[in-house]
Structure formats: C-alpha cells, structure tokens
Amino acid sequence: MPQRWFLLSVSLFVCAASAEAVAPPAVRSSAGAKAGGTEPLHRTIDRLVSAPKDFAQFDAGPAPDGEFLRRAYLDLTGTIPTATVARAFLKDASPTKRQFLIDGLLASPEHSRHLANVFDVMLMERRADRLVPRAAWHSYLRDAFAANKPWDELAREILASNGADPKTRPAAKFFLERGEPHLLTRDIGRLFLGMNLQCCQCHDHPRIEDYRQEHYYGIFAFIGRTTVLNAKGTGVISEKADGETTFQSVFDPAKVTKTSLPRVPGGKGLADTVVPKDKLYVVAPTAGAAGVPTYSRRARLAPEVTRADYEPFRRNIANRLWAHMLGRGLVHPLDMDYPGNQPSHAELLDALSADIAARKFDMRGFMREIGLSQTYARSSALPAGVKETDAPLYATALLKPLTPEQFGFALMQATGLTDSIRQSQGKTATEQSLYTALSPNLAPFIRAFGSPAGTPQGFDATVDQALFLANGPTLRSWLTPRAGNLTDRLLKLAGNDAVAEELYLSILTRLPDAEERKEVADFLTSRTKDRSAALQDLAWALLTSTEFRFNH
Amino acid sequence: MTNRATYACNSPAHDLSRRSFLAGTAGALGSLSFGNFLHGAAAGKLEKDQKRVLVIWLSGGVSQLETWDPKPGTNTGGPFQTIETSVPGVHICELLPHTAKQMHRMALVRGINTIEDDHGKGAVIMHTGRRQEPGMTYPHLGSVCAKMLGSDRNPLPGYIHVTPRGNGGVNAADSAFLGPRYASISLDNGQAPANITRPTELNESSDAERNALRLRASERFLKKRRTADTEAYTHSYDQAAQLMRQKDLFDVSKEPAKYADMYGKHDFGRHCLMARRLLEGGATFVKVTHSNYDTHHENFDFHIEQLGEFDQPFAALLEDLHQRGLLSSTLVVVMSEFGRTPNINRNYGRDHWSRAWSVALAGCGIKGGAVSGKTNANGTAVTDRMVHGGHLFHTYLKAVGLDPKKNFYIDQRPIPMADPKASVISEVLA
C-alpha cells in the first residue's frame, strides 16, 4: 500500500504496471569498471559526473524530498503532484520511495501524454497546422509512448510516411508541414542528428570544419526529388523518379558544380537502383496524383538515418533525453555537435549513446536509469560559499524554466482547477477525460510563453507575460473559489497553520518553514475582513514566485 | 454611409470600407500654437542623445504618383495636379497640402526598385532590409532599434505597433533571433497593451501586499540559487508595475482638446497623437499603420480619402515633434510594401508596382529638402540613383547613429545588421 500512493493523483485507472524494479540491460562501461563486470547506467552516470577531483567540495548533496517529488513529476508527467500525494510522499519512510516514484510515473498515462507534448514541440516547433491536424499527430505520439515504442522505430515512421496511407498519415506531419526540401534538410540534420547544417546550403561552414556542403547535400539528395502535392487539400508527398542533386559553393569563384548521392553525414553514398525506363513509376506524378517511383530515394532515408550503429543518430537522442531530465545537453546547443564543440562530459555521452543503442532505443528504460542516478537527484541549492561559476557541472542541479505546457498544467494543478474538474467528473474521470477538459486552457500560456514557430522552445521573461499573470483573467478565475479547488479547500480550514501547510503543499510541493508559517498567519490575521481575497492573494504570491516558475 | 469594398486583393488584411470624406480635413491646419514645450516629468524621461524612430506604414502600397513623385499631364499621371512645397523646386501631389508645408523637414527617395510585387514579401523587404530567405528570418527595423537604441530599464516595450486592427499581443516573429523581448506589441486600434489595468476587484494596497509577499517568497528561494533567468523573471514584474503606472501614456483622451483638433478626430489622427505621446513618454520605436492603400479599383477616389486622412495628422505630427524638441532625435519614415503601377487599369485602379517608387523621410539624421533618385517622364523606370530595401535599411540605421556595417552574433555566427551588398543613401543624410 505505501508505495502505491503516488498513483492516486496520476490516474484512476493505472494499469497494473509493475512497481518492482526491472533490471535494465547492463552497459559495459569504459575505464574504471571491474574487469569483465558490468555497471548499471545510473552508476556510470554518477561515476563520470563526480569524476573531477574537487567534485566533493561542490557537491550540493541530494535534493530534499519535496524538491525531488516535484522535479520527477514535472519531468515525467509535465505537472506537479497534488497536496495529498505530496503529504504522503513526505511522510513515507521507505528508503526505496524515490525509485518507486520514478517507476510509477514512467508507467502512468500522464507520462505518455507528457512525452507526446515534449516531442511534438521538439519535432514541430509550434509550426501551424495546415495539412495534418495536431490532434491526430498528438494521439499518434501518445500511443507510441504508451507502448514505449523505441525511438528508432518512431523516427523511421516519421521519416518514411508520405501521408498517403491514412493509418500512417499523422507521422507524416514532420514532412508535410515543412514541405520544402531545404527546410527539411536543415531540420532532419538538427533534430535527428544533432547537426545544424543550415550554413552549408551555400558553402562549407566557415568555422566548423566538420559541417560541409557535401554533408548538407547528402541529406538533401534523399528528398530533393520530392514535393508536397496539395491537390484538393490532401497534402501528400510526391516523388519523381529522376533528378540529380547538384550544388556549388558561393565562395568558389570557379563555380565548380558537384553532385551528391543520398548520403548521411559520414556515411556512404547510396547508388540508385537502375530501373527500366518504361517502369520508372508505380504511380506517375500528375496534377492530381502523387508520384510513387519504382525506386525511391526518399524511402532510403529512414533506414539509413536510424541505423543503430550510426553514431550521430543515437548520440542525438541520448543527448536530448539527457537535456530533458538534467536541463542542459552534454552537447550544447543540442544541434551543434561537432568535434570543436566538445561535450561537457565526453566519456559520459559516449556511454549514454552506446547504452541507448544497446537497449534498442528503449527510451523509457533509458530515462529510468537517469532518474535513478544520484546526479538526477541532486539538490539545486548552491552549497554555502560556492559560486556557480566555480562548481563543476551537475554538482548542483540546474534550474529548468517550466515550459509553457508545464507552467499551464502546474498552475491548473496548484490552483486546484484540476482537482475541481476531477471531482466534477466523478467516477467517469480518466486521464483522457481530464486532459480533454484541461488542455484547452493551455492556449493563453502557449501564446504568452511559447517561442516563435520554427524555433526551439526557449526562455524569456517579458513584460506582457508578467501582466498576463498579474492582471489577466486566467489565473484570477482559477483562484476564484469553486468546489474542490485550492481556495475552496483553504476557506474550509479553520487554523492558519493548516492553511499554510495546504498552501505550500499544493503550490510548492513542500511544507512551510517556521518563518513562512508566521508570514501566512500574520497576513491572514491582518485581513480577517476579506479572508477569501486574502487567501487568493497569498496563493497568487506563491504561484508567481520564482520558486514556482522554475523546475528545481 | 459605409460600404464594404471587398475587391482589394482578396486577402482578409485588405478589407476596405469606403468612408465618407471627413468634414474639415480639407480645411487648413491653421496656425499651430504649441506654446508648451516639453517640461517636467516628460522631459526627464528623455535622456540626452536618446534616439527614437517613428514609421508610418501605409498598408497596401500607397501610390507614389499620388504622393511623392507625381507625373501630371502624362498618360500615367492621373487627374491630380502638383503643388509647390516649402522646398523650392520640389513638387508633390496636390492631395498633400499640409505635408507640403513640412517638406523642408523631409527628404524623398524616389529611385526605389525592390523587384517584389507581393504584399507579404514586399513587407519583409521594407521591414527587414532583406529579401525573404528560406531558413533565415531577419529582425524588423523596430526590433533592431528596440535592441540597439532602447534600454532594458525602459518599462515601455521597445517596439510598439499602433494599428487599426491588431491582435493586442506580442508578435514574436518580428524580432527573429533577437528574441521575444524585442518583438512588437500591437495596440489594437490604439488601445493600451492587454492586461495593463489592475482588475477592479483588486485594490492598489492588496496588489502591493501580494507583490511584497511574492518578492519575499522569491528572495527566500533566490538565496539558495540565483541565475540570469531568475533575475529576468523577477525583473519582468517590476517592468509590468512600471508599465501599469504609465498606462495613461496610452490614453489620448488625456491630451488637451486642441490636439484632437490638430490631429483630427478620426482613427489615424488619434493614432498619430498616441504615437507622439508614446515617443515623448520614452518609446524607442513606434509604427503606426494606416490602411488601406491597395487601390486596384478606384485608385484616385481612394487616395483622396486615404490621403485626406493621412495629410493633416502627419503634418501635425512633424510640427508637434519639432515644437517639442523631439524631431531632431526622432527618425520618421513613411513607407509601404511597394508603390503602384503607372498604368491605370480599366477599373481606374493602379496595381502593385515595385520598379520605381518612393519613400519619405524626416527628422533625425535626415537632410531636410533633399531628394534622391529620379524616375522617367511617366514614372515607368528609375533613371537615376536606383536603390532597394537594403539601401534604405542602411540609411535608417545610419540616421539614428548606428553603424549598419556591424554584425549581430548568434552563437558566434556573425549576422550583418544590414544587407552587406547595400550602403547608405548619403544624399538624404544630414
């Protein structure tokens, strides 16, 4: 019983996913391991991160329980826990409660939903929906994560689907919403291989020796024969059976024209299969029909990019999943992987990359290992007298600003809107029904906090965001008392100390200290005439505080 | 009586409503007695050497033949005559009598050839100084100015767009790689930014109390961990509070009544007055949109109406800025996405035309009375000093004291502020 409490808020219909630890495939670690021994990945992580000689003096130590709970919830389910879950976790004395928490969250439907959001933003970068409805794409991703579809399989589906088959059409969104081959080349390099080859459309990269036009046009050659046919709004990829990929460098005064076969960066050029001239097409391209050639260069993209032994592919996903959990890629920025931009922990990234390939791109298992590490569990509070610039990376956990989605859902949970909706849905409540009811509320958060379409999600604190939180109707309406929400619960509590606890557990996922309790009591005592408004003001102050805004 | 004319370009942005010719717009501006020079709090806001920019965006493509480069008596000239201006030898269309009296403060660039007849792409050229490129978005002039001329201490958004029909929000795409801080904020029909007013249920003292609680809670957390991001977050509330204190800046009804007369009581007049108010209050870059100039039909009637709305407030704005000592430090640009064809089509309209058209400038760094560029007798080609959007962008930056040959840097990658293949139009620079 004690280990299952965290499932209460997560879903009413949790499948009987095992809470027991399943031993992950062991990864043979490099230097430092016993001869012939294998080391679980989470130990490899801890060993390599704490390797610097002076690490111990900067080590911030483990995060307090409340911080760990909140962090795990945000990273794995995209929202914060209820006060009930928080209370129970803090009271739980089991030494394995953190491991059970990680396992439970990974098995939850909220986790699949959250990863669907994360990968949607990562792969689509908030581009407008034109040809594939977002709901279909989102469902497709959610189902993939619920089934723990391996990344290479998911990537292959995304890179292979041409949109013609309704069953696989959602996966084609990556291609269809971009359409144009140069844009696709750039984003395939950035998002699947960790290489921003944008400059190389026109010339070899002036500063990065490893990014050259031949790399760019190697990718381009897979898709250079394609266009999006949008006859009658269908939006399907059409491919020709001919067409060479040629390029010149704008820096080359001789204007030498080169040709490229389809080729992943560092890989071999793939020769075309020769097809008799009268059999070039399965479906010839016309104004109304998408071309399907007998030999398709595009069809070779997915298998070639996603090979388990292709280092950029596995390194990219390892780096991105690490960044998701720890707040920064080992290679930073995420799409600037080249020898001149060394990872912060080169040996670690090699180990992560080898591990995820060895476990056949099982993302859930990989994230589990990260979640079990001491590195992940480290406190974000700088030890006394330590300057951030002196400390080795990950000696203190990094602050991660909440994404627009996390911020919206966390505010909904903290204000108790989520509790209120769940209460009103009663026995019919499911993860899906709650998500359907709550997700439309994300719109103003995406508008205010979302990065411009076509760019990765970043962080900026603008005055219009502050005005939205201070004076806007959204937060205000969520704080207005309504059956089951935070203000409603607080109004029903008699003592100010009980109020302080419920407030802090619901919003900040921790108990208030003595100073904070006193502050709450003093404030409420000074505002007895309008207790409801006072409670809302208290809640607002914590919801807009820095502690809430960041995942720490 | 208003009729909706739906034929202009078929795009939602070009809904057109035919408005009755406003009474009084043909009347003389009269003598402007701006006795009150800037003083007190407003003056304090203006730091020495602070530069600012005002763009009047005539949306849809104003006809250069009905404004800055008329060709009367030719097969392309249309029915209007020219008038003299306050600069001997410089003539403009008779539809701009008030503006003509301000010509000594203005410069004209008549030799523009941007080779782009599409609204969207033309707008990109005129806003960013570059042609639209796949895979690379350049920031608007407004975002560049907000960053290079503005100050982080300034609570006002750096790039403000006063528009007849906006979304009342932040347009994050405008600032490209400069980041959302320098994006434009749209003031829909000249209304204040969204959420600038404290909710009525929340009184000032409660607001102060809850912010004090927020700050104390934040400080407790920041004792353990302080980063650039946490600083930016807490600072944004300070900026919000300052902006709320200045919300009257966005309320033109606070101006003495005489200014409503001088600028005109129609929307564009009020928007110009708001622009002056914002610039005076410390705004770095203000763009005012006037719509709609996309006159594929009835070009001449529409220009009478549109320029009738434009002329008085624009002249009032220049005079007002001058009287307040702001004009010499404020660059003023009047532009569109392109001009209009010399050829008059069978609907008495002119179509999109980017091969020989004009932009008007005034204010900071601009040589009053200067004219750059010539077109041939009927306006079908540039004959002297041909320039494009890149040259204009160089010129704007140079006029406000920036070096257009400098670079921005994204992750160490240099991005020139202006098109390296272009240069300033020195003939119009002081």
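Residues numbered from 1 in each chain as written. Chains lettered and ligands numbered in written order. Predicted model: local features only at pLDDT ≥ 70, side-chain atom pairs only at ≥ 80, totals over all residues. Heavy atoms only, no water.

Observations regarding the overall build of chain B
No. 1: A count of helices and strands for chain B gives 10 helices and 19 strands.
No. 2: Per-residue burial over chain B gives 58% buried out of 430 residues.
No. 3: Contacts spanning at least 24 positions in sequence make up 73% of the contacts within chain B whose residues lie at least 6 apart.
No. 4: Here chain B displays about 17300 Å² of accessible surface, and carbon together with sulfur accounts for 50% of that area. (Helix = DSSP H or I, 4+ residues; strand = E, 2+ residues; numbered from the N terminus. Buried < 20%, exposed > 50% of the residue type's maximum accessible area, 1.4 Å probe, protein only. Contact = heavy atoms within 4.5 Å. Areas by Shrake-Rupley, 256 points an atom, 1.4 Å probe, with all protein chains shown as cover.)

Looking at a nonpolar patch on the surface
No. 1: Residues A:V282, A:V283 and A:V292 make up a contiguous nonpolar surface patch of about 220 Å² in total accessible area.
No. 2: Take A:V282: it is sitting in strand β5 (residues 281–283). (Patch = residues over 30% accessible without salt bridge, like charges linked within 9 Å, V, L, I, M, F, W, Y side chains within 5 Å. Salt bridge = Lys/Arg side-chain N within 4 Å of Asp/Glu carboxyl O.)

A look at helix α19 (residues 431–438) of chain A
No. 1: Of all the positions in α19(A), only A:E431, A:S433, A:L434, A:Y435 and A:L438 are classed as buried.
No. 2: On its buried face, α19(A) is in contact with α7 (109–124), α8 (134–146), α17 (404–414) and α18 (417–425) of chain A.

Some remarks on the pairing of strand β2 (residues 236–239) of chain A
Residue and element names in this part refer to chain A.
No. 1: Residues of β2 alternate between two faces, with V236 and S238 on one and I237 and E239 on the opposite face, all of them buried.
No. 2: With 4 bridges connecting them, strand β1 (residues 226–229) and β2 associate as antiparallel partners. Each bridged residue has a counterpart across the sheet, and for V228 the counterpart in β2 is I237. (Pairing = 2+ DSSP bridges.)

Here we look at the state of the cysteines
No. 1: In total, this model carries 0 disulfides over all chains according to the counting rule given.
No. 2: A:C200 takes part in no disulfide bond, and the closest cysteine sulfur to it belongs to A:C199, at a distance of 6.1 Å.
No. 3: With relative accessibility at 0%, the residue A:C200 sits in the buried group.
No. 4: Here B:C145 is not cross-linked by a disulfide; its sulfur's nearest cysteine counterpart is in B:C364, at 10 Å. (Disulfide = S-S within 2.5 Å.)

Description of the pattern of salt bridges
Residues and elements named next belong to chain A.
No. 1: Evaluation of the coordinates by the stated rule reveals 73 salt bridges over all chains.
No. 2: The partner of D309 in a salt bridge is R307, and the shortest N-O contact between them spans 3.1 Å.
No. 3: Given the relative accessible area of 54%, D309 is considered exposed.
No. 4: It is possible to trace a salt-bridge network through shared partners that takes in E125, R127, R178, R186, D187, R190 and D335.

Points about helix α21 (residues 463–471) of chain A
No. 1: Counted residue by residue, α21(A) has 9 buried out of 9 residues, so it is predominantly covered.
No. 2: When α21(A) is considered as a whole, its buried residues turn out to be A:V463, A:D464, A:Q465, A:A466, A:L467, A:F468, A:L469, A:A470 and A:N471.

Bear in mind that shape data such as this cannot, by itself, settle questions of function.
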